[in-house]
Amino acid sequence: MAHDRGATPLAAYGDYESPPREKVTKLMGYEPLTKYVVLFVVSLQIYLSIYLRHTSPFSPLFIFLAYAIGGTANHNLFLAIHEITHNLAFPGVAPNRLLAIFANLPIGIPYSAAFKGYHIEHHKFMGQDGIDTDLPTRFELLCLNNVLGKVFFATFQILFYALRPGFVRAQRLTKWHILNLAVELVFDFFLVRTFGVRPLIYLIMSSFFAGSLHPCAGHFIAEHYLWDGMAQETFSYYGPLNVLAYNVGYHNEHHDFPSIPWTRLPALRALAPEFYDVLPSHPSWPMVTINFIRDKEVGLFARAKRLAKNKEADREAGKAGSGEDSDKSE
């Protein structure tokens, strides 16, 4: 199970007396708490953005709040959208999509609708070049394969994750893309028209810091890069930063059972220690970033890749990217 995240361990549970399948399936389903956390963080960010409307974006206070509070809050919203992408906030698909668009507001740039398609493909076709846009491109490998390149990547990785999918695999435009774009543009316009440009600058800076050299941003690198010569392509992290990140550190658990919401992933690990406690995991997200930069044996090249199996897989990827299978939590 450590090496092939495409297969879930449910079938393997038949070889063990515990945990029974029923206990695992009972963990699946939506989490009502998610919408309240999203409401709180969105409200906090909008309040802080308006609070700073008379403060210079170059002032230490503005920069500090954008990094420490804004970066943490918007990273939390990134991962809220990740959670909602799996339809884990409401029982229906449309309410989840609408909540994702709402969570997108303080990020300043519309992306929740596009993220859904790309992320479902990441789960279905992880490591398949040309489909899984989580993989670095050949251009990135050629230009950023040294210490300075890795520093640049770690600093601006949010831009790579935002721009890379458009170059690798374009999506078919849907009504949800259009709604996401329209709502975000109206929100940004209202914010600037009413309170000036500084609130929007604060939100954009928060999004940049959230995906830059921020303690929580280490999870981008921690999840699927290969480490220490091991063939394990997915790593978990069980430290305290999970409190701010919807338990995304429980990443092996999440890839095995994406229908289990963030609040119940620790329970899944406790049910299956014979699967998860034996896997190497990262003790620190910030140290992952530091080690990624300084270790010559780890870089953008340190990813597991697999060839697309057949044309049918490519067709299925097209459906995932267009949102046709959005009724399922992949």
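Just so you know, these numbers come straight off a predicted model, no measurement behind them. (Residues numbered from 1 in each chain as written. Predicted model: local features only at pLDDT ≥ 70, side-chain atom pairs only at ≥ 80, totals over all residues. Heavy atoms only, no water.)

Take the overall build of the protein next. The helix and strand tally for the protein stands at 16 helices and 2 strands. Residues classed as buried in the protein amount to 54% of the 330 residues present. In the protein, once contacts between residues fewer than 6 apart in sequence are set aside, the share between residues at least 24 apart is 79%. Surface summary for the protein: the accessible area is close to 15300 Å², and the carbon and sulfur share equals 66%. (Helix = DSSP H or I, 4+ residues; strand = E, 2+ residues; numbered from the N terminus. Buried < 20%, exposed > 50% of the residue type's maximum accessible area, 1.4 Å probe, protein only. Contact = heavy atoms within 4.5 Å. Areas by Shrake-Rupley, 256 points an atom, 1.4 Å probe, with all protein chains shown as cover.)

Within helix α7 (residues 147-155), burial applies to G149, K150, F153, A154 and T155. Close packing links the buried residues of α7 with α6 (138-143), α8 (157-168), α10 (198-210) and α15 (285-294). The N-cap of α7, judged by a side-chain oxygen 3.2 Å from the amide nitrogen of L148 a few residues on, is N146. (Polar contact = N/O pair within 3.5 Å; in protein donor to acceptor, adjacent residues only side chain to side chain.)

What follows deals with the layout of surface pockets. Here the idea is plain: a probe the size of a water molecule rolls over the atoms and shows the empty space left. Empty space within the largest pocket amounts to approximately 1000 Å³. Every element with two or more residues in the lining of the largest pocket is listed here: α3 (60-85), α5 (112-124), α8, α9 (175-195), α10 and α11 (218-222). (1 Å grid on protein atoms, 1.4 Å probe; cavity = no way out; pocket = protein on both sides within 12 Å on 5 of 7 lines; lining within 4 Å. Points joined across faces, edges and corners; volume = space filled by probe spheres on them.)

The next thing to look at is the side chain of T34. As for its position among the elements, T34 is in helix α2 (residues 33-51). The class of T34 is buried, set by a relative accessible area of 0%. Not counting residues up to four positions away in its chain, the partners in contact with T34 are I84, L88, A89, Y246 and W262.

Oppositely charged side chains can pair when the atoms bearing their charge come close. Counting across every chain of the model gives 7 salt bridges. Residue E31 pairs with R264 through a salt bridge whose shortest N-O separation is 3.9 Å. A residue pair is termed long-range when its members are at least 10 positions apart, and E31 in the loop between α1 (21-25) and α2 and R264 in the loop between α12 (251-256) and α13 (265-271) qualify at 233 residues. R264 shares its class with E31; the two are buried. We note a salt bridge from D134 to R303, for which the minimum N-O separation is 2.8 Å. Of this pair, D134 sits in the loop between α5 and α6 while R303 sits in the loop between α15 and α16 (311-322), placing them 169 residues apart in sequence. Residue class for D134 comes out buried when judged on its relative accessible area of 16%. (Salt bridge = Lys/Arg side-chain N within 4 Å of Asp/Glu carboxyl O.)

Here the focus is empty space enclosed by the protein. If you walk through the whole model with that rule in mind, you get 3 cavities of 30 Å³ or more. Looking at the largest cavity, its volume works out to about 100 Å³. I84, T85, N87, V93, N96, R97, A100, I101, S112, A113, K116 and W176 are the residues that line the largest cavity. Within the residue set of the lining of the largest cavity, elements represented by two or more residues are α3, α4 (93-104) and α5.

A few words now on the confidence of the model for the protein. For the protein, mean pLDDT is 88; residues scoring 70 or higher make up 87% of the total. Considering only residues more than four positions removed or in separate chains, one finds that residues 1-18, a stretch of pLDDT under 50, has 38 contacts. Low confidence marks residues 324-328, where pLDDT is under 50. Its contacts with residues over four positions away, or in another chain, come to 14 contacts. (pLDDT = per-residue confidence, 0-100.)

Moving on, we come to the nonpolar core. General note: in soluble globular proteins, nonpolar side chains tend to be found buried as a group. Within the largest apolar cluster, 40 residues are counted, with the highest numbers of intra-cluster contacts made by V38, F153, Y225, W227, W285 and F292. When contributions to this core are tallied by element, the ones reaching two or more residues are α2, α3, α4, α7, α8, α11 and α15. When residues in this core are grouped by element, the largest group, 7 residues, is from α3. If near-sequence neighbours (up to four positions away) are discounted, W227 is found in contact with I221, A222, F235, H282, V288, N291, F292 and V298. Counting residues in each nonpolar core, the second largest holds 13 residues, with L48, F62, F187 and F209 among its members. (Core = buried A, V, L, I, M, F, W, Y, C linked by side-chain atoms within 4.5 Å.)

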